[in-house]
Amino acid sequence: MKIFYVTFFLTLNFLFSFSSQNRKVLIIGIDGTRSDAFQQANTPHLDALLASSTYSYDSWHTGITWSGPSWTTILTGVQWNKHLVTSNSFSNHDFLNYPPFPTLAKQLYPNLNCSIVAEWDPLVDNITNAGWNHAVKVPDTGNWPTADSAVVELQNPDIDLLFAYFDKVDVTGHTSTFSPSNPLYISAIQDVDSAVGRVLNALYARPTYSSENWLILVITDHGGKNFGHGGNSNEERHIWWMASGSVVAHQQINQADPGTYNCHLNNVYDSTCVNFALLKSSPTHPDIAVTALHHLIYESGINPETKPEWNLDGKSWLLNPSEVNEIAGENVSVYPNPVEGELTVRSSRFTVENKISLELFSVDGRKVFSSIPVSESMKIQTENFAKGIYLLKAGSVSKKIVIE
Ligand SMILES: [Zn+2]
């Protein structure tokens, strides 16, 4: 009976994995969140992603710090001098030449399933085109409707891309100031983090999660100063960014300000305001679309960063194949399994230099253990964990563990 159950389960997994591709992307957009305030706020759900992320608390806005042009750059992978959106009216956009990235992905993979869930109607109205299979306008009444809608999307076994957008931090900044010393602003960031936690739990609870390769991107569009934004001050331009998954390096990037394209005379942008050498190594807005796109179309061998027809401005932060394959399933041994007490995980690839993350998730998606082993053998004490099935992730390798 047990053998039948296991066989059935594996067969089910096998079928699901062929109903859509296993490379998938979740983008969490949090409007108007200053880097200093984000670092100060208590955000356990987002912080839990850091160990498996390429991330920066020192990312700099390189365009116009209004929401319209910012999110357009994030979703098209090009600066405003190409997509031509300069305000929240989204007028004059050139989505014919520079469409939101799902349209580009579908040129190669027409069956990709892409959803957007957002609290800001103009974003959905303007950014939504044929590239999105499903667009959900969520009433701007708090974070939970957005989280709930995102959870519904993540329950679709075939989903390949979800962009979930939270507005509350920006709204709070406009009504009570964008400032790390404003408790209402900090509290709004913490509330969004709780909502994001709900979304992440739904992701980890997917029945097919262990056979999927998710890249999670979290980004804000701009900071703010006093009651607004739109200018070029450090408070408005200093932002943060994270990309979490087994396909990116696990590192923090501290990067100096590369300058801005929003430095123009008579509507002609002045490129002398941008330090292009620094821009090349800085994590910036267009990188989100390019990195997400790269992950979704990875099997095609095409790097969107250098595809001439697309003419994108962003960089891909995916590791190159030799780095991703640094750890293979047969190179990780786990024993005993089932385990009662001490669990040993071994791999010759566990070294200080490799920085491979080791994580244990319960079936409901909670991360119960996380570490970066610095030597070949890692011991995990399981006495305090509830009995049941767990998912162990070592870099890009996943294994099911039973704790008794
Ligand atoms: Zn905004």
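Residues numbered from 1 in each chain as written. Predicted model: local features only at pLDDT ≥ 70, side-chain atom pairs only at ≥ 80, totals over all residues. Heavy atoms only, no water.

1. A few points about the overall build of the protein
Broken down by element type, the protein carries 14 helices and 17 strands. Relative to its length of 404 residues, the protein is compact, with a C-alpha radius of gyration of 21 Å against a globular reference of 22 Å. Its C-alpha atoms give the protein principal-axis dimensions of roughly 70 × 45 × 40 Å. Counting every position in the protein, which comprises 404 residues, the buried fraction comes to 55%. Accessible surface, the protein as shown: approximately 16,700 Å² in total, 54% of it carbon and sulfur. When the 25 basic and 39 acidic side-chain charges of the protein are each reduced to a single mean position, those positions are 6 Å apart. (Helix = DSSP H or I, 4+ residues; strand = E, 2+ residues; numbered from the N terminus. Rg over C-alpha atoms; globule rule 2.2 N^0.38 Å. Buried < 20%, exposed > 50% of the residue type's maximum accessible area, 1.4 Å probe, protein only. Areas by Shrake-Rupley, 256 points an atom, 1.4 Å probe, with all protein chains shown as cover. Lys, Arg positive; Asp, Glu negative; His and termini not counted. Charge placed at Lys NZ, Arg CZ, Asp CG, Glu CD.)

2. Focus: the environment of tryptophan 120
In this structure, tryptophan 120 sits in the loop between strand 3 (114-118) and helix 7 (121-127). Tryptophan 120 sits 17 residues away from lysine 137 along the chain, and the two C-alpha atoms are 7.3 Å apart. Among residues more than four places away in sequence, those in contact with tryptophan 120 are Ser67, Gly68, Trp71, Asn88, Phe90, Tyr165 and Asp167. (Contact = heavy atoms within 4.5 Å.)

3. Notes on helix 6 (residues 101-108)
Here helix 6 has its buried residues at Phe101, Pro102, Leu104, Ala105 and Lys106. Where the residues of helix 6 are buried, they touch strand 1 (23-30), helix 4 (67-76), strand 3, strand 5 (161-166) and helix 13 (286-296).

4. Concerning the domain arrangement of the protein
Here the protein is described as being made up of domain 1 (20-321) and domain 2 (326-403). Taking only C-alpha atoms, the centre of domain 1 and the centre of domain 2 are 31 Å apart. Carbon and sulfur atoms make up 52% of the surface buried where domain 1 meets domain 2, a total of about 990 Å² over both sides. Contact with domain 2 buries area across many residues of domain 1, yet Tyr204, Ser210 and His250 alone supply 42% of it, more than any other trio. (Domains from an automatic or database assignment. Buried area = accessible area lost by both parts, 1.4 Å probe.)

5. Points about a nonpolar patch on the surface
There is a patch of nonpolar side chains on the surface, built from Val363, Ile389 and Val402 and spanning about 240 Å² of accessible area. Relative to the assigned elements, isoleucine 389 resides in strand 16 (residues 388-394). On the basis of relative accessible area, isoleucine 389 is assigned to the partly exposed category, the value being 41%. (Patch = residues over 30% accessible without salt bridge, like charges linked within 9 Å, V, L, I, M, F, W, Y side chains within 5 Å. Salt bridge = Lys/Arg side-chain N within 4 Å of Asp/Glu carboxyl O.)

6. Description of unusual backbone geometry
In this chain, tyrosine 335 is followed by proline 336 through a cis amide linkage whose omega measures -10°. Along the polypeptide, proline 336 turns up in the loop between strand 11 (333-335) and strand 12 (342-346). A cis geometry characterises the amide bond from asparagine 337 onward to proline 338, with omega recorded as 5°. Tracing the backbone through its elements, the reader meets proline 338 in the loop between strand 11 and strand 12. The backbone of leucine 84 shows a phi angle near 70°, a positive value even though the residue is not glycine. Relative to the helices and strands, leucine 84 is located in the loop between helix 5 (80-83) and helix 6. We classify leucine 84 as partly exposed; its relative accessible area is 38%. Residue asparagine 311 is not a glycine yet carries a positive backbone phi of 50°.

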